[in-house]
Amino acid sequence: MFKFEQYFPDEIIEQMKRQQVILCGVNDFAMAVERWLQNKGITVSEIQKPDLKEKRYKEPFFVIADFKEQSAEKWQKKCESYYPGASVIKIVNPVEIRIEISGNCNLRCRSCQTGNHNPEVFSHKGRGFMTPDRYRKILDKIEIEYPDAVSVFFFICGEPFLNPHLKEILKITKEKGYQTVLSSNLSLKISWDKELLSLIDILKISVSGFYQEVYETTHNGGNIELVKKNMLRISELKEEHHLSIRVLIGYHLYVNNQGKDLTDMEKLCQKLGFIFAPVKALYFNLFYLSGAEPFPESAKKFIESYYPEPEKLLTPVPAEPELLRKPCRNSRDKLFIDWDGKVMLCEILHKNAVFEDYLTTDKKEIEEWRKNHAICQLCRQYGLDYK
């Protein structure tokens, strides 16, 4: 398990108790750092964006925690620029564990591979759910091979709440000391209770509108009223039982949802005590974006209708030379495991992007497999691993 003590010795902890501790950024690793500091009796404030022009902090002690060195450096420059001489601790932990406990999704969003994949190279048929027994064995191996992991992220392209064994899987994770992170569209009926929510550290909810007329254009097959009903129930249970679950609303920005839908969703988040995080809507399909396969007409129309700069997505542009020199953000310290226990190249859904069973495969074998994979080369050629 990640050794937080190496960054926060006793003398630093005592110093932090006397100052205003500011956690820079909102990501899974930063939230794990926050929990660790709170267990040490440290009160932590958060800022989501590196905008420190308003000098409103008195004797700040900045803690920067991120998966990416580039993001952490951006924060550090801002902190040192607006608060010269302030205490700053920067921690970068690139390790990410992502496990697909559900091989299916209840939606078919056109921006996601579950809705836009080529049926000749990927099929939902036959995909199922990870069992608790398999999951426990996988986690035992991860504990040895990835000692700096702090979280398990239950999402690649499937909907984790579909897995009937979710509670047991979460219990196993918590027993091992890992932070649990789920990402969901929340557009399904869920039997909420105190036990379930107490097992989730971070819940990310993906939405793209406040009203059904807008939401259904991009969250295809979803029901925003059901999503909001679930959000309300989570908030009620969280308050009633004083639960520590953090809820983040990832609001995907398209050209048709940045008016009243956006402001009303933000207001709802404020009312419920959830983090509202608008994000640029992405389009996930490496093979179309790189030009390896032609965009179907339906995909072209979707992109032209809902993305602010459709030509940038529809026209493949080779990556700049300096970007090609950087390692892929998924090539090291990241592990992707599918519902059946097989290792995945990354988030890509493709029959050639699946390796052997993780339980019978050495970590070095996985790294070697990724190293010169044809799909990786294609992705790197167009800089898609950084877009």
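Look up: the structure comes first, before these words.
Residues numbered from 1 in each chain as written. Predicted model: local features only at pLDDT ≥ 70, side-chain atom pairs only at ≥ 80, totals over all residues. Heavy atoms only, no water.

What follows concerns the pairing of strand β1 (residues 20–24). Counting buried positions along β1 gives 4 out of 5 residues, so the element sits mostly inside the fold. Bridge analysis of β1 against strand β3 (residues 60–66) gives 5 bridges, and the strand direction is parallel. In the sheet register, C24 faces β3, and the bridge partner there is I64. Sheet topology places β1 next to strand β2 (residues 44–47); 4 bridges connect them, and they run parallel. Pairing of V21 across the sheet is with V44, part of β2. Once you follow β1 into helix α2 (residues 28–39) and on to β2, the crossover reads as right-handed. (Buried < 20%, exposed > 50% of the residue type's maximum accessible area, 1.4 Å probe, protein only. Helix = DSSP H or I, 4+ residues; strand = E, 2+ residues; numbered from the N terminus. Pairing = 2+ DSSP bridges. Right-handed = clockwise from strand over helix to strand, strands pointing away.)

Inspection of the entire model under this criterion finds 23 aromatic pairs. When the centroid spacing of 4.9 Å and the interplanar angle of 75° are considered together, the rings of F210 and Y211 count as edge-to-face. Among the residues examined, F210 registers a relative accessible area of 13% and is labelled buried. Ring geometry for Y254 and Y307: centres 5.4 Å apart, planes at 75°, overall edge-to-face. (Phe/Tyr/Trp six-rings, centres within 6.5 Å; stacked < 30°, edge-to-face > 60°.)

What follows covers the packing of helix α5 (residues 132–145) against helix α6 (residues 166–175). Following both chains from N to C, one finds α5 and α6 inclined at 20°, their axes separated by 9 Å at the closest point. By the angle class used here, α5 and α6 are roughly parallel. For the pair α5 and α6, the crossing hand works out as right-handed. Here P132, Y135, R136 and L139 of α5 come into contact with α6, specifically with E168, I169, I172, T173 and E175. Its residues assigned to classes, the contact of α5 with α6 shows 5 nonpolar, 1 polar and 3 charged. (Axes fitted to C-alpha atoms, helices over the stretch in contact; angles between N-to-C directions. Parallel < 35°, antiparallel > 145°, perpendicular 65-115°, else oblique. Left-handed = near helix turned anticlockwise from the far one by under 90°. Contact = heavy atoms within 4.5 Å. Nonpolar A, V, L, I, M, F, W, Y, C, P; charged D, E, K, R; others polar.)

Turning our attention to helix α15 (residues 363–371). Taken as a whole, α15 has its buried residues at I366, W369 and R370. Buried residues of α15, viewed axially, fall in a sector of 95°; they line one side. Across from the buried face of α15, at angles greater than 90 degrees, the exposed residues are K364 and K371. In this structure, the buried residues of α15 make contact with β11 (334–337), β12 (342–344), β13 (354–357) and α16 (374–381). N-capping of α15 is provided by D362, with a side-chain oxygen placed 2.8 Å from the backbone N of K364. (Arc of directions from axis to C-beta. Polar contact = N/O pair within 3.5 Å; in protein donor to acceptor, adjacent residues only side chain to side chain.)

Glancing now at the sheet that holds β2. Pairing between the strands of a sheet comes from backbone hydrogen bonds, and it takes one of two forms, parallel or antiparallel. Taken in spatial order, the 4 strands of this open sheet run β2-β1-β3-β4, and their pairing is parallel. Only two strands of the sheet have a single partner each, and these edge strands are β2 and β4 (87–92). Ignoring which end each strand starts from, the neighbouring axes of this sheet average 25° apart. As paired elements, β3 and β4 share 6 bridges and run parallel to each other. The residue of β4 that forms the bridge with I64 is K90.

Together, D148, D333, E356, D362, E365, E367 and E368 line one region of the surface with negative charge. Among the elements that take part in the negative patch, α15 stands out by supplying 3 residues, more than any other. With a relative accessible area of 35%, D148 lands in the partly exposed category. (Patch = residues over 30% accessible without salt bridge, like charges linked within 9 Å, V, L, I, M, F, W, Y side chains within 5 Å. Areas by Shrake-Rupley, 256 points an atom, 1.4 Å probe, with all protein chains shown as cover. Salt bridge = Lys/Arg side-chain N within 4 Å of Asp/Glu carboxyl O. Lys, Arg positive; Asp, Glu negative; His and termini not counted. Charge placed at Lys NZ, Arg CZ, Asp CG, Glu CD.)

Right, let's talk about the pattern of salt bridges for a bit. Following the criterion strictly, the structure yields 23 salt bridges and no others. Note that D133 and K137 form a salt bridge whose closest N and O atoms lie 3.4 Å from each other. Of this pair, D133 and K137 both sit in helix α5, 4 residues apart, which is roughly one turn of the helix. A salt bridge links K141 to E145; its shortest N-O distance comes to 3.2 Å. Of the two residues, K141 and E145 are both situated in helix α5; the distance of 4 residues between them amounts to about one turn of the helix. Overlapping salt bridges, with partners in common, bring together K167, K171, D193 and E195 in one network.

Turning our attention to the pairing of strand β7 (residues 179–184). In terms of burial, β7 is largely enclosed, as 6 of its 6 residues are buried. Burial along β7 is two-sided: Q179, V181 and S183 facing one way and T180, L182 and S184 facing the other are all buried. Bridge analysis of strand β6 (residues 151–154) against β7 gives 4 bridges, and the strand direction is parallel. Directly across from F153, in β7, lies its bridge partner V181. Crossover β6 to β7 through α6 is right-handed. Where β7 and strand β8 (residues 202–207) come together, 4 bridges link them in parallel fashion. Within β8, the residue paired with S184 across the bridge is I205.

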